[in-house]
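What follows is each chain in one-letter form.
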Amino acid sequence: MTDAVEDWLNRVAQFANGPVADAAPGWSLGGAPAPGLIRDAAALGLTGIEVPPASGGQGLDFAAKVAAAERIAAVDFGFAMSLINSHNVAARLVQSAPPQVQARFVPAILTGEITACTALTEPGAGSDAGAMITTARRVPEGWCIAGEKAWIINARHAGVAIVHARCTGPDAGTGGAAIGAFVVDLTDPRVRLSPLDSALAQTSLGTGAIALNDVVVPESHLILPPGTAFKSILGEINAARSYVAAMCCAMLDAALDAAVAFGRQRQTFGRPLAGHQGWRLPLAQVRSELAAARALTDAAVAAGPDRVQILAAEAKINAVTMCQRHMPTVLHAMGAAGLSPHHCVARHLGAVQSAALTDGATAMLLERVAQLTGSVVRPEHATKG
């Protein structure tokens, strides 16, 4: 990376370790990021990383986005995902929306005036995006969209969404080929936003549901027509698996740092915890496995389009399962102190469960890897006996 990008990433880290770290303990207890903090993140360029300078963004590459996401996620995964999701909408609008649609929404996202979301998942369609039942039918004014989206990052407060819906009509196609992507103003009175909470407090994700009650959008708001939207979203999900893997590595790295600092100052049986071999060795094992996960994640981030599907899936599987296995190890190394919201460990322990479900659940990804690597024995190739 250039010196300018490194300097920017240092400022992102300062922002994460300052204002974000100050606010994050409250988010783990049910609070939500203040609008001012989102605007500060936008002023730092976090909502326009890959957006071209001509459109008001920074014009940086995917690796820079991943590096920035890591620095925020090391403090709070939910806030990092919230910012990246707004960013991704701005980048998609600049790439695919007509100028008048860009002018209406992109500047507001880039300044943090509004947040944005991509509405794909439904109550009955998660990893199987082809099973969505939200529909879009042609009307004289454009398109009429009806359905419900669930577990959408930023949906409880977003001002605009890219909504994926199954287009109806004789020329709409079938399966994934029938899915189109539409820009929807979420302030429309026919849209209802509602929060979705879980027992693992992660309100900084802004997770919510979107009910679309015959929302009419003009033709210009169809930014990815049937036949292109499904392929596009699959490509974006592949990329997301790489940065989610990187964010998991960043969370575990930060948790390890917290445990090591605690072990140096906490006295037990006449010496620091870190002076006990039985305390040190489990953390050394975590550190070793983290290094391997980082290497696989770095390969996925750097991969070309021919290999990104396998590497991104493998990186996310590896990083998520490693965090799920070892975040409790780090928590136990800190004892009850690790449960304090002022430490990141318990917050990251909950966040990795969200990461495991984001952009493809682990079981589905394992099956995908099996298919891509030829490990699946299909019925027509099976032998008897």
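Residues numbered from 1 in each chain as written. Predicted model: local features only at pLDDT ≥ 70, side-chain atom pairs only at ≥ 80, totals over all residues. Heavy atoms only, no water.

S.K.: Even after reading the chapter, I still don't get the overall build of the chain, so can you show me in this structure?
M.R.: What the chain contains, in helices and strands, is 10 helices and 10 strands. Relative to the compact-globule value of 21 Å for 385 residues, the chain shows a C-alpha radius of gyration of 22 Å, a close match. Buried positions account for 50% of the 385 residues belonging to the chain. Counting contacts in the chain only where the partners sit at least 6 residues apart, residues at least 24 apart contribute 74% of the total. Of the roughly 16,700 Å² of accessible surface on the chain, 56% is carried by carbon and sulfur atoms. Across the chain, 28 positive and 30 negative side-chain charges occur, with their mean positions spaced 6 Å apart. (Helix = DSSP H or I, 4+ residues; strand = E, 2+ residues; numbered from the N terminus. Rg over C-alpha atoms; globule rule 2.2 N^0.38 Å. Buried < 20%, exposed > 50% of the residue type's maximum accessible area, 1.4 Å probe, protein only. Contact = heavy atoms within 4.5 Å. Areas by Shrake-Rupley, 256 points an atom, 1.4 Å probe, with all protein chains shown as cover. Lys, Arg positive; Asp, Glu negative; His and termini not counted. Charge placed at Lys NZ, Arg CZ, Asp CG, Glu CD.)

S.K.: I'm lost on empty space enclosed by the protein in this one. Help?
M.R.: For the structure shown, the criterion picks out two cavities of 30 Å³ or more. Considering the residues around the largest cavity, the lining is formed by L46, I49, A68, A69, I72, A80, L83 and I84. When residues of the lining of the largest cavity are traced back to their parent elements, those giving at least two are α3 (62-73) and α4 (77-96). For the lining of the largest cavity, the per-class residue count stands at eight nonpolar, no polar and no charged. Forming the boundary of the second largest cavity are I38, T47, S82, L83, S86, G112, I114 and T115. Here the lining of the second largest cavity gets three residues from one element, more than from any other, and that element is α4. Residues belonging to the lining of the second largest cavity are distributed by class as follows: three nonpolar, five polar and no charged. (1 Å grid on protein atoms, 1.4 Å probe; cavity = no way out; pocket = protein on both sides within 12 Å on 5 of 7 lines; lining within 4 Å. Points joined across faces, edges and corners; volume = space filled by probe spheres on them. Nonpolar A, V, L, I, M, F, W, Y, C, P; charged D, E, K, R; others polar.)

S.K.: I'm lost on the pairing of strand β2 (residues 135-139) in this one. Help?
M.R.: Each regular strand displays side chains that alternate between the two surfaces of the sheet. Taken together, the five bridges between β2 and strand β3 (residues 142-152) define a ladder with antiparallel strand orientation. When the sheet's bridge partners are listed, T135 is paired in β3 with A146. If you look at the hairpin formed by β2 and β3, you'll find two residues sitting between the two strands. Summarising the sheet, β2 and strand β4 (residues 160-167) pair through two bridges and their orientation is parallel. In the strand pairing of β4, A136 is matched with C167. (Pairing = 2+ DSSP bridges.)

S.K.: Just to check I follow, could you spell out the environment of R241 for this structure?
M.R.: Relative to the assigned elements, R241 resides in helix α6 (residues 229-265). Separated by 96 residues in the primary sequence, R241 and I145 have C-alpha atoms spaced 29 Å apart. Dropping the residues within four chain positions of it, R241 is found in contact with A312, A313, K316, D359, G360, M364 and L365. Within the local environment of R241, its side chain forms a polar contact with the backbone oxygen of D359, the two atoms lying 2.8 Å apart. (Polar contact = N/O pair within 3.5 Å; in protein donor to acceptor, adjacent residues only side chain to side chain.)

S.K.: Is there a simple way to explain the pattern of salt bridges in this structure?
M.R.: Two side chains bearing opposite charge may form a pair once their charged atoms approach each other closely. Taken as a whole and judged by the stated rule, the model has 14 salt bridges. Here R347 makes a salt bridge to D76, at a shortest N to O gap of 3.5 Å. In this pair, R347 is assigned in helix α9 (residues 345-357) and D76 in the loop between α3 and α4, connecting sequence segments 271 residues apart. We classify R347 as buried; its relative accessible area is 10%. With a closest N to O distance of 3.7 Å, D257 and R287 form a salt bridge. Here R287 lies in helix α7 (residues 277-302) and D257 lies in helix α6, a separation of 30 residues in the sequence. Shared partners join several salt bridges into a network, and the residues in it are E70, D253, D257, R287 and R294. (Salt bridge = Lys/Arg side-chain N within 4 Å of Asp/Glu carboxyl O.)

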